[in-house]
Amino acid sequence: MTADGGKMRKEKREVLIIIPAYNEAKTIEPVLEALEQPDIAAVCDVLVMNDSSVDGTQYIVKKRGHACVTHVFNLGYGSGLQVGYKYAYRRGYKYIIQMDADGQHDPSNVLKIYEALKTPDESGRYPDIVIGSRFVEGAISFPVPITKKIAFTLFRNLIKWGGGQKIMDPTSGLQGLNKRTFWFYSRFNRFDDKYPDAQMLMQMLMLGYKVVEIPAVMYARTEGKSMHSGIIKPVIYMFRMVLSIIAVWARVKMFKIDKEAINVQKTMEEMSKGVL
């Protein structure tokens, strides 16, 4: 893979916006332009994960002066995100906000997610993951096909069963993560490299991470194809996701494979605070 920095800023922000992109030349420029508005640019840097696009995606990103990591081969949505997590951790970012390049996620969501990440609950605990949701009160969304509605209902129930919390929008790609969360994803490879959706949320809930949902503004895709388009792909995706959820539950609850990773993380957090 190759990396291009474009016009490098002297001062690094505390938030990194990660945008996975595959052949999004027709849609990504207005997204980047919106993210360059002063209120967002004051706190956020942008990283585009260009997954071996064959159109002008990389050229547009470089032209606008944003960081761009380009995969030589197409590795998939999840792999792009995980490389972005490693990038963010090694460069010392405190938060990540991940959003799509196709224009479905309105950039107005960015600062709302950022504020939610910095807002503690009544007990003083901060969110580890903030989901921009289409299905909570106050959200502005668009109609979804019946196959997706069935999948959402199934995933909500499975997450509630395994993780103890009902997530209304379990497949939302619009998320904010704190450093604790993206460090875990990048360090221990507990992240699906194809479809990191409902099973990742259930995993983090079972491991004790705090997940909250806030209303989001989203639009229907106008250009290109979704990775879940068609009739067969959604069915395969739903079947694969159910198996992944079951596998995650078994790994965490039955075999406790993630216990060591959590202990290592706690130790590092204590060291960083000067406890040890």
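Residues numbered from 1 in each chain as written. Predicted model: local features only at pLDDT ≥ 70, side-chain atom pairs only at ≥ 80, totals over all residues. Heavy atoms only, no water.

A. Fine view of the nonpolar core. Tyr 85, Ile 129, Phe 184 and Tyr 185 are the most contacted members of the largest nonpolar core, which totals 44 residues. For Tyr 185, the residues in contact, after removing those within four places along its chain, are Gln 82, Tyr 85, Ile 129, Leu 177, Arg 190, Phe 191, Met 200, Gln 203 and Met 204. Ranked by size, the runner-up nonpolar core spans 33 residues in total, among them Val 15, Tyr 95, Ala 116 and Val 130. (Core = buried A, V, L, I, M, F, W, Y, C linked by side-chain atoms within 4.5 Å. Buried < 20%, exposed > 50% of the residue type's maximum accessible area, 1.4 Å probe, protein only. Contact = heavy atoms within 4.5 Å.)

B. Just unusual backbone geometry, in detail. Backbone geometry places Asn 23, a non-glycine residue, at a positive phi of 55°. Tracing the sequence through the fold places Asn 23 in the loop between strand S2 (15-21) and helix H1 (28-35). You can call Asn 23 partly exposed: its relative accessible area is 29%. Positioned with a positive phi, Ser 52 is a non-glycine residue whose angle comes to about 60°. Taking relative accessible area as the criterion, Ser 52 reaches 19% and is therefore assigned buried. (Helix = DSSP H or I, 4+ residues; strand = E, 2+ residues; numbered from the N terminus.)

C. A look at the environment of Gln 203. Summarising the element assignment, Gln 203 is placed in helix H8 (residues 198-206). We classify Gln 203 as buried; its relative accessible area is 0%. Between the C-alpha atom of Gln 203 and that of Arg 190, which follows or precedes it by 13 residues, the distance is 8.8 Å. Beyond its immediate chain neighbours, meaning those up to four positions away, Gln 203 contacts Phe 184, Tyr 185, Arg 190, Val 248, Arg 251 and Asp 258.

D. Main features of the side chain of Asp 51. Position of Asp 51 among the secondary structure elements: in the loop between strand S3 (44-50) and helix H3 (57-63). Judged by its relative accessible area of 7%, Asp 51 is buried. Here Leu 75 takes part through its backbone nitrogen, which lies 2.8 Å from a polar atom of the side chain of Asp 51. (Polar contact = N/O pair within 3.5 Å; in protein donor to acceptor, adjacent residues only side chain to side chain.)

E. Here's a closer look at the packing of aromatic side chains. For the coordinates displayed, the defined rule picks out ten aromatic pairs. Aromatic pair Trp 161 and Trp 249: ring centres 5.4 Å apart, planes at 25°, arrangement stacked. Residue Trp 161 is found in helix H6 (residues 146-163), and its partner Trp 249 is found in helix H9 (residues 232-254); the two are separated by 88 residues along the sequence. Note on Tyr 185 and Phe 191: the rings are 4.7 Å apart at their centroids and 55° apart in plane angle, and the pair reads as tilted. Taking relative accessible area as the criterion, Tyr 185 reaches 2% and is therefore assigned buried. Residue classification places Phe 191 among the buried residues on the basis of a relative accessible area of 10%. Site record: aromatic cluster; members linked through ring pairs are Tyr 85, Tyr 185 and Phe 191. The ring of Phe 135 has Arg 156 sitting right over it, with the charged end atom 5.3 Å from the ring centre. (Phe/Tyr/Trp six-rings, centres within 6.5 Å; stacked < 30°, edge-to-face > 60°. Lys NZ or Arg CZ within 6 Å of the ring centre and 35° of its normal.)

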